[in-house]
Amino acid sequence: MILSWGKCGIKTATSTDGTPAAQWTDIDTPKKDTTKLTPTAGEETTAQEEGGEIVDARYGKTTYEFEFSLFVKKGKTRPFEDNDGLITGEHAFRVIPLEDETCEGIQIDRCTVRCEESYTTADGKLLRYVAKCLKPKTGKTVKPYTEGAGA
C-alpha cells in the first residue's frame, strides 16, 4: 500500500503547554468514514490599486479541525469525560493508517475537544468528537507521524 487511506487507529494523550504527554492511549475504532482533518485557509489580505488590479497579497496560516465518531458500545469506556459536551484540558492525537502502518499519518500536539452525543435507530448512540487544533509548543499544528518511526 502506498496511501494513508482506509481503516485508521487513533491515539490520544494529554497536552501540557503544547507538548503531548509520553503516555498515549488507544481510542476505539471510529465509525466508518467519520475520521477527518479539515483545513480552513488563512485570512487573505490583498493590496489593490485603482482599477482593481492586485499589487500584492499575503495569507494567514491555515487552521485545522479534527473529528471522528464512535459508537457507544456495551462495556467500552468513553475516551473523554464531558459535561454536556465540554471536555476539560488540552489533548493531543495521532492518526495511524492501520492498513499499512509504514504510511504517513498525522500528529496533533495540542487541541481543545468537544463531544456531540446523538442517537438514531440506524446507528444507535454515537459520540462525535471535534477538536480545534491549536498552536503547539514547537513545529507545525499538524505534523507527519509514522508509527514506530520515533516521533
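Residues numbered from 1 in each chain as written. Predicted model: local features only at pLDDT ≥ 70, side-chain atom pairs only at ≥ 80, totals over all residues. Heavy atoms only, no water.

Asker: How would you sum up the environment of Thr-138? Please name residues and give values.
Answerer: Position of Thr-138 among the secondary structure elements: in the loop between strand E10 (124-133) and strand E11 (142-145). Judged by its relative accessible area of 54%, Thr-138 falls in the exposed class. A C-alpha to C-alpha distance of 8.1 Å links Thr-138 and Thr-19, two positions 119 residues apart in sequence. Once residues within four sequence positions are removed from consideration, Thr-138 is found in contact with Asp-109 and Lys-143. (Helix = DSSP H or I, 4+ residues; strand = E, 2+ residues; numbered from the N terminus. Buried < 20%, exposed > 50% of the residue type's maximum accessible area, 1.4 Å probe, protein only. Contact = heavy atoms within 4.5 Å.)

Asker: Got a sec to walk through the pairing of E10? Specific residues and values, please.
Answerer: Two faces belong to every sheet, and in a regular strand the side chains alternate between them. The sheet contact formed by strand E7 (residues 63-71) and E10 spans seven bridges and is antiparallel. Counterpart to Leu-70 in the pairing with E10 is Leu-127. Bridge count between strand E9 (residues 105-120) and E10: 10 bridges; the pairing is antiparallel. If you follow Glu-116 over to E10, its bridge partner there is Arg-128. What sits between E9 and E10 in their antiparallel hairpin is a turn of three residues. (Pairing = 2+ DSSP bridges.)

Asker: Please set out the nonpolar core residue by residue, giving values where relevant.
Answerer: Counting residues in hydrophobic clusters, the biggest one holds 20 residues, and the most contacted among them are Phe-66, Phe-68, Phe-93 and Tyr-129. Only strand E1 (8-16), E7, strand E8 (91-97), E9 and E10 provide two or more residues apiece to this core. Here the element with the most residues in this core is E9; it accounts for five residues. Setting aside residues up to four positions removed in sequence, Tyr-129 forms contacts with Phe-66, Glu-67, Phe-68, Leu-70, Arg-78, Pro-79, Phe-80, Ile-87, Val-113, Arg-114 and Cys-115. (Core = buried A, V, L, I, M, F, W, Y, C linked by side-chain atoms within 4.5 Å.)

Asker: Now, about the packing of aromatic side chains: what can you tell me, with residues and values included?
Answerer: Under the defined criterion, the tally for this structure stands at six aromatic pairs. Plain terms: the ring middles of Phe-68 and Phe-93 are 5.8 Å apart, the flat faces sit at 75° to each other, and that makes the pair edge-to-face. Placement of the pair is Phe-68 in strand E7 and Phe-93 in strand E8, with a sequence separation of 25 residues. Note on accessibility: Phe-68 and Phe-93 belong to one class, buried. Plain terms: the ring middles of Phe-80 and Phe-93 are 6.0 Å apart, the flat faces sit at 65° to each other, and that makes the pair edge-to-face. Of this pair, Phe-80 sits in the loop between E7 and E8 while Phe-93 sits in strand E8, and the two are 13 residues apart along the sequence. Phe-80 sits in the buried class, given a relative accessible area of 6%. What links up through ring pairs into an aromatic cluster is the set Phe-66, Phe-68, Phe-80, Phe-93 and Tyr-129. (Phe/Tyr/Trp six-rings, centres within 6.5 Å; stacked < 30°, edge-to-face > 60°.)

Asker: Kindly report on the state of the cysteines, identifying the contributing residues and their values.
Answerer: By the definition in use, this model includes zero disulfides. Unpaired in this structure, Cys-8 has its nearest cysteine sulfur neighbour in Cys-103, at a distance of 13 Å. What makes Cys-103 buried here is its relative accessible area of 8%. (Disulfide = S-S within 2.5 Å.)

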